Amino acid sequence: MKEQTVGTAEEKPCVKIVFFGDSITESGRNRLDPDDLGVGYVKIAAGKLRLLYPDTNFCFLNRGVGGDRTAELLERVQRDVVDEKPDYVILAIGVNDVWHRFTVGEEVTPETFRANYLSLVDTILATGAKLFLIQPYMLKMADKQRMRPYLNRFNDIIREIAKEKDVVLVPVDEIFMGVTQDIDPAQFSADGVHPTHRGCRYIADLLIKELKKCL
C-alpha cells in the first residue's frame, strides 16, 4: 500500500481512496467543494470504513460527474485520479455509454468501449493504486429492457478486462439481477439505474466486502 503524508508530520499517513465515475458516484455532491462526498454509496462506504478501521486516516475523494461516459473519464483521469496519487481507486462507469444511445443518439461501439475502458484501467494501474471495478447495472424495468443487450455486451468486456489485468470486479449487476428476483427492483432504484438509499447501501456493502480483503 502506498501512503501519502498530509498536513503536519505528527499526523497519521493518509490512505487515499478516489471514487471515479458518473452520476451514481456523484450522487448530489457539491462540485465546488472537493471534499464533499455526496449522499450516495460513496458517503455510506466512507462512513462504514471509518467505523471499521478507526485507527486509519482515510482521505476519500468523490470524483463522479453525472452524465459522463468512458470518453469523458478519459479526459479527466489525469486531473481527478493520477494527480491525486491514490492508494485505491473505485471505477464505476459504463451505463451512460449505453444510455446515451437511446436518449441522445450517441452510439458507443463495443470496440470503442473496450478501448476507452482498457485505457482507463491501464492509466489508473500505472499509478500503483489498487483498482476496483464496479459493474454498471440496470434493474429490470420496462423502459430499460431494450438497453439490456448492450449493457450485457459492455459488462462482458469489463469482465474480460478485469481478468486480463487481474483487477477486482464488484459484480453489482449480477447481484442486483439475483436479489430482484424476489424483491421489487424499485426498492433499489426508481428508474432502474440511479440507486435509492437502500440501493446505495447495497453497493457500498458489496464494495466494502472486497476492500476489506486489502485494508
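The structure contained in this document is the topic of the report that follows. Since the model is a prediction, treat every value here as computed from it, not as a measurement. For every chain, the first residue of the written sequence is number 1, and numbering continues from 1 along that sequence. Totals for whole chains, interfaces and linings use every residue, but because this is a predicted model, local features are given only for residues with pLDDT of at least 70 and side-chain atom pairs only at 80 or more, for both listing and counting. Only heavy atoms go into the side-chain values, all of them from the structure, while hydrogens and water stay out.

Let's talk about the side chain of Gln135
Tracing the chain through its elements places Gln135 in the loop between β4 (130-134) and α6 (148-165). A distance of 3.3 Å separates a polar side-chain atom of Gln135 from the backbone nitrogen of Val172. In this description, contact between two residues means that some pair of their heavy atoms is separated by no more than 4.5 Å. Once residues lying within four places of it in the same chain are set aside, the contact partners of Gln135 are Asn155, Arg159, Leu169, Val170, Pro171, Val172, Asp173 and Glu174. Labels follow the DSSP assignment, with helices taken as runs of H or I lasting at least four residues and strands as runs of E lasting at least two, numbered in each case from the N terminus. Polar contact criterion, stated in full: a pair of N or O atoms within 3.5 Å, where within protein one must be able to donate a hydrogen and the other to accept it, and residues adjacent in sequence count only if both atoms are side-chain atoms.

Describing the state of the cysteines
Any two cysteine sulfur atoms lying within 2.5 Å of each other are counted as a disulfide. Per the counting criterion, the structure on display carries 1 disulfide. Paired through a disulfide, Cys14 and Cys59 show a sulfur-sulfur distance of 1.8 Å. With Cys14 in strand β1 (residues 14-21) and Cys59 in strand β2 (residues 57-64), the pair connects residues that are 45 residues apart, well separated along the chain. Burial classes: relative accessible area under 20% of the type maximum marks a residue as buried, over 50% as exposed, and values in between as partly exposed (1.4 Å probe, protein chains only). Of the residues examined, Cys14 reaches a relative accessible area of 0% and is grouped as buried. Cysteine Cys214 remains unbridged, with the sulfur of Cys14 as its closest cysteine sulfur at 17 Å.

Points about the environment of Glu210
Within the secondary structure layout, Glu210 lies in helix α8 (residues 197-211). Exposure remark for Glu210: the relative accessible area of 15% places this residue in the buried category. Considered as a pair, Glu210 and Leu169 are 41 residues apart in the sequence and their alpha carbons are 8.8 Å apart. Excluding residues that lie within four positions of it along the chain, Glu210 makes contacts with Phe132, Val168 and Val170.

Some thoughts on the nonpolar core
Nonpolar cores are built from buried Ala, Val, Leu, Ile, Met, Phe, Trp, Tyr and Cys residues. Side-chain atoms within 4.5 Å join them into one set. Membership of the largest hydrophobic core comes to 67 residues, with the highest contact counts inside it found for Tyr41, Leu91 and Leu133. In terms of residues, this core owes the most to one element, α8, which gives 7 residues.

Thoughts on the sheet that holds β1
Two strands are counted as paired when DSSP detects at least two bridges linking them. An order of β2-β1-β3-β4-β5 is seen for the 5 strands of this open sheet, with the pairing classed as parallel. A single partner strand is all that each edge strand has here, and the edge strands are β2 and β5 (168-170). Taken pair by pair, the neighbouring strands of this sheet meet at an average axis angle of 20 degrees, ignoring direction. In the sheet, β4 pairs with β5 via 3 bridges, with the strands oriented parallel. Looking at the pairing, Leu133 lines up with Leu169 of β5. All axes are obtained by fitting lines to C-alpha atoms, using only the stretch in contact for helices, and the reported angles, taken between N-to-C directions, cover 0 to 180 degrees.

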